[in-house]
Amino acid sequence: MQGNEAIARALIENGCVVATSYPGTPASEILSGVMSWQKAEGVAMHVEWAINEKVALEIAYAGSQSGLRTAVAMKQVGLNVASDPLMSAVYLGVTGGFIVISADDPGPHSSQTEQDSRLLAMLAKIPVLDPDSPGQAQELVALAFELSEEFQVPVMLRPTTRVCHACQDIQPAPVKKLGRTADFRKNPSRWAATPNFRYRLHLELNEKLARMAAYGPTAPRRLNPGARANKAIVASGAAAGHAREIMKNLGLWDNIPFFQVIQPYPLHSEFTTEILRDFDEILVLEETTGVIEMQLRDRDKVRGKLSGAVPEAGELLPELIEGIIAGFAGVTVPAVPQPPTGGGRRPTLCPGCPHRASFYAIKKTAPKGIYPSDIGCYTLGANLGGVDTVLCMGASVSQAAGFHHAYRVTGEERDVVATIGDSTFFHSGIPPLIDAVTQRSRFVLVILDNATTAMTGNQPTPAVPLAGGVPVEISSVVEGCGVRFCKTGDPLDLPGFTRLVKEAVEFARKDSVAVVIAKSPCLVDRNRPKLQRDQVEIDVTCTGCKVCTSQFECPALVFDEATKKVTTDLLICSGCGVCMDVCPSRSIKPREEKP
Ligand code: SF4
Ligand code: SF4
């Protein structure tokens, strides 16, 4: 199983009956895994792709308040969105076991930060479990439910990309039938606690934390009890898995004591005392911040991120850990030939992706505009010069308003054309749109509606929910926000769509925010039938101007240096036909020979 699938399996095995999520790499496959296992095992559950992480957490938390085992999954930046209810839920506590799965992305591979969710667990004052592999993630889900119910607090599970996406042979365990029914017990002084009660709840939480720091099942594990030395290695998460292998390869496993920390926060109090007492030098390997190191308060003995022995940013790759361990142990690393690096090509939108046409139309219409954008595959519009800023989910709308006001107050006017995906609009684009209307901000918002959450694997959106859901029309929401210009067009009809964006830009210059919904389905959405469209070919009139390859940048168009003309890569051309409207000399035609 993939790590995410193993986590999903473990949730079902341990009696989870409410599971929610908002997709985000590396966590996306957890909820789809839950859906598959639920179906396979015939378990009665509520499984939901929520509109955002905050809503997802609140829904799952209510299930826990009703005495059921529940879980919410998200990527680490999603936890920022969900942190408001999380902080409060920790004080109130839980009834049924409640796991908050926050998947971190050291590197980062596909995130705007490489923040360490364990720091948010410290801030919230909840225990966090840090698996090193898919198999251990399965084990720690069971432990997290027990810990959560034992101390009545939410428990965080923090896998990282390497754990989420690694595959391992996993033995599925039987599905526990807990036989619980929802049983919410009214207790306003707890569930609706006023600030005075919150203070008391905080004191209780501090007391729980002290007990959790002594809870046997989550204590650090000494994995090589025979090793004896005056130095030790402490590691958690994927770094622990790498370190174990590396120590064996370097012949250090029987020499240097190795401790795996399962629960980086709160770090076990007895372990802290003993390790500082028993060893002169301690190397700490963890991703991405020195959470364990911070709690081992002895700067003279502890080597890690805070001491400068381990890099404070980036993923702890095996080759990096190998050098650190070898240096700590005073051994030499045998030279291994490194594979060649480099090559490949930069990421780009798919051939025929409707977003490419939308960016092209925006740039043609407002060439001197500012283009705030958002989180999704359309961020790749940066290659086309159609993306100037990317901050966080929903920020394109508020930033567009911010740019408008910044220029307005200094007496200048500038076109601002923002882009946001359909799923991101629902996630957190609606409040800033209402704000823009009430503040009479003047910009254009192009909602790139491809009817799916494309980047994370085609999860549903509120406009296209799973079977049985009630769809919510984007245009109705936009109009309900008070927007007076809201029109829909197909970006693959480039001339018509360009006219529509122009109309919107003119409206925004004079009046207020204008919204254009660029509606065209994602080409790689597995949930939709593939469209049959005519591929294109280039005729002899091609002048080699490169407009189609450098400005429009469809990867299916290839400039031939020998002939100084463009040809079509028919293996990837999707037949969208937009390039025919891009070519100034009309040299691109529908292909005569049909495949
Ligand atoms: S029709 Fe043109 S723009 Fe569309 S995928 Fe083929 S080459 Fe690219
Ligand atoms: S835009 Fe047209 S003329 Fe220019 S290189 Fe492409 S196919 Fe040739």
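The structure contained in this document is the topic of the report that follows.

Scoring rules and cut-offs
Residues numbered from 1 in each chain as written. Chains lettered and ligands numbered in written order. Predicted model: local features only at pLDDT ≥ 70, side-chain atom pairs only at ≥ 80, totals over all residues. Heavy atoms only, no water. Helix = DSSP H or I, 4+ residues; strand = E, 2+ residues; numbered from the N terminus. Contact = heavy atoms within 4.5 Å. Areas by Shrake-Rupley, 256 points an atom, 1.4 Å probe, with all protein chains shown as cover. Lys, Arg positive; Asp, Glu negative; His and termini not counted. Charge placed at Lys NZ, Arg CZ, Asp CG, Glu CD. Near = heavy atom within 4 Å. Nonpolar A, V, L, I, M, F, W, Y, C, P; charged D, E, K, R; others polar. Buried < 20%, exposed > 50% of the residue type's maximum accessible area, 1.4 Å probe, protein only. Polar contact = N/O pair within 3.5 Å; in protein donor to acceptor, adjacent residues only side chain to side chain. Pairing = 2+ DSSP bridges. Axes fitted to C-alpha atoms, helices over the stretch in contact; angles between N-to-C directions. Phe/Tyr/Trp six-rings, centres within 6.5 Å; stacked < 30°, edge-to-face > 60°. Disulfide = S-S within 2.5 Å. Arc of directions from axis to C-beta.

### Some thoughts on the overall build of the chain
Then comes step 1: Counting secondary structure elements, the chain contains 20 helices and 21 strands.
Then comes step 2: Principal-axis analysis of the C-alpha atoms places the extent of the chain at approximately 80 × 65 × 55 Å.
Then comes step 3: A fraction of 76% describes how many contacts in the chain between residues 6 or more apart in sequence connect residues 24 or more apart.
Then comes step 4: Within the structure as shown, the chain displays about 25,300 Å² of accessible surface, and the carbon and sulfur contribution to it stands at 55%.
Then comes step 5: Where the 59 positive side-chain charges of the chain centre and where its 64 negative ones centre are 4 Å apart.

### Regarding the site of ligand 2
Then comes step 1: Lining the immediate surroundings of ligand 2 are 13 residues, of which C542, C545, K546, C548 and C583 lie closest.
Then comes step 2: A per-class count over the shell around ligand 2 returns nine nonpolar, three polar and one charged.

### Remarks on the environment of L523
Then comes step 1: Locating L523 in the fold gives a position in the loop between strand 17 (514-519) and strand 18 (536-538).
Then comes step 2: The class of L523 is partly exposed, set by a relative accessible area of 23%.
Then comes step 3: The spacing of L523 and C576 is 53 residues in sequence and 9.7 Å in space, taken between C-alpha atoms.

### Here we look at the side chain of T389
Then comes step 1: Mapped onto the secondary structure, T389 falls in strand 13 (residues 389-390).
Then comes step 2: Taking relative accessible area as the criterion, T389 reaches 18% and is therefore assigned buried.
Then comes step 3: Here the side chain of T389 touches Q399 through a polar contact of 3.2 Å, side chain to side chain.

### Examining the sheet that holds strand 6 (residues 155-157)
Then comes step 1: Across the sheet, six strands lie side by side as 2-1-3-4-6-5; this open sheet has parallel pairing. The open sheet terminates on both sides in strands that have one partner only, identified here as strand 2 (46-49) and strand 5 (128-129).
Then comes step 2: Pairing of strand 3 (residues 69-75) with strand 4 (residues 98-103), which is carried by six bridges, proceeds in the parallel orientation. Across the sheet, V72 pairs through a bridge with V100, a residue of strand 4.
Then comes step 3: Relative to strand 4, helix 1 (residues 3-13) is tilted by about 180°, and along the sheet it contacts strand 1 (16-21), strand 3, strand 4 and strand 6.
Then comes step 4: Sheet strands touched by helix 3 (residues 53-65): strand 1, strand 2, strand 3 and strand 4. Its angle to strand 3, the strand with the most contacts, is close to 165°.

### Some points on the side chain of Q76
Then comes step 1: Residue placement: Q76 occurs in helix 4 (residues 76-92).
Then comes step 2: Overall, Q76 belongs to the buried group, its relative accessible area being 0%.
Then comes step 3: A polar side-chain atom of Q76 sits 3.4 Å from a polar atom in the side chain of S111.
Then comes step 4: What Q76 contacts, discounting residues up to four positions off in sequence, is S102, A103, D104, D105, S111, T113, E114, Q115 and S117.

### Observations regarding the packing of aromatic side chains
Then comes step 1: Counted by the stated rule, this structure contains nine aromatic pairs.
Then comes step 2: Centre to centre, the rings of W253 and F258 are 5.5 Å apart; their planes meet at 45°, and the pair counts as tilted. There is no split in this pair, since W253 and F258 are both buried.
Then comes step 3: For the ring pair F259 and F279, a centre distance of 6.1 Å and an interplane angle of 75° mean the geometry is edge-to-face.

### Here's the deal with the environment of T218
Then comes step 1: Residue position: T218 is located in the loop between helix 9 (195-212) and strand 7 (221-222).
Then comes step 2: Separated by 43 residues in the primary sequence, T218 and V261 have C-alpha atoms spaced 8.3 Å apart.

### Regarding the state of the cysteines
Then comes step 1: The full count for this structure, using the stated rule, is zero disulfides.
Then comes step 2: No disulfide involves C350; its sulfur sits 6.0 Å from the nearest other cysteine sulfur, which is in C353.
Then comes step 3: Of the residues examined, C350 reaches a relative accessible area of 36% and is grouped as partly exposed.
Then comes step 4: Cysteine C377 remains unbridged, with the sulfur of C353 as its closest cysteine sulfur at 6.0 Å.

### Considering the site of ligand 1
Then comes step 1: In the vicinity of ligand 1, 13 residues are found, and the nearest of them are C554, C573, C576, G577 and C579.
Then comes step 2: Of the residues contributing to the shell around ligand 1, the split by class is nine nonpolar, four polar and no charged.

### Digging into helix 5 (residues 117-124)
Then comes step 1: Buried residues of helix 5: S117, R118, L120, A121 and A124, and no others. All buried residues of helix 5 lie within an arc of 155° about the axis, which places them on one face of the element.
Then comes step 2: Contacts from the buried residues of helix 5 go to helix 4, strand 4, strand 5, strand 6, helix 9 and helix 12 (291-295).
Then comes step 3: Directly after helix 5, the chain includes K125, whose backbone phi takes a positive value near 65°.

Interpretation in functional terms is not warranted from these geometric data alone.
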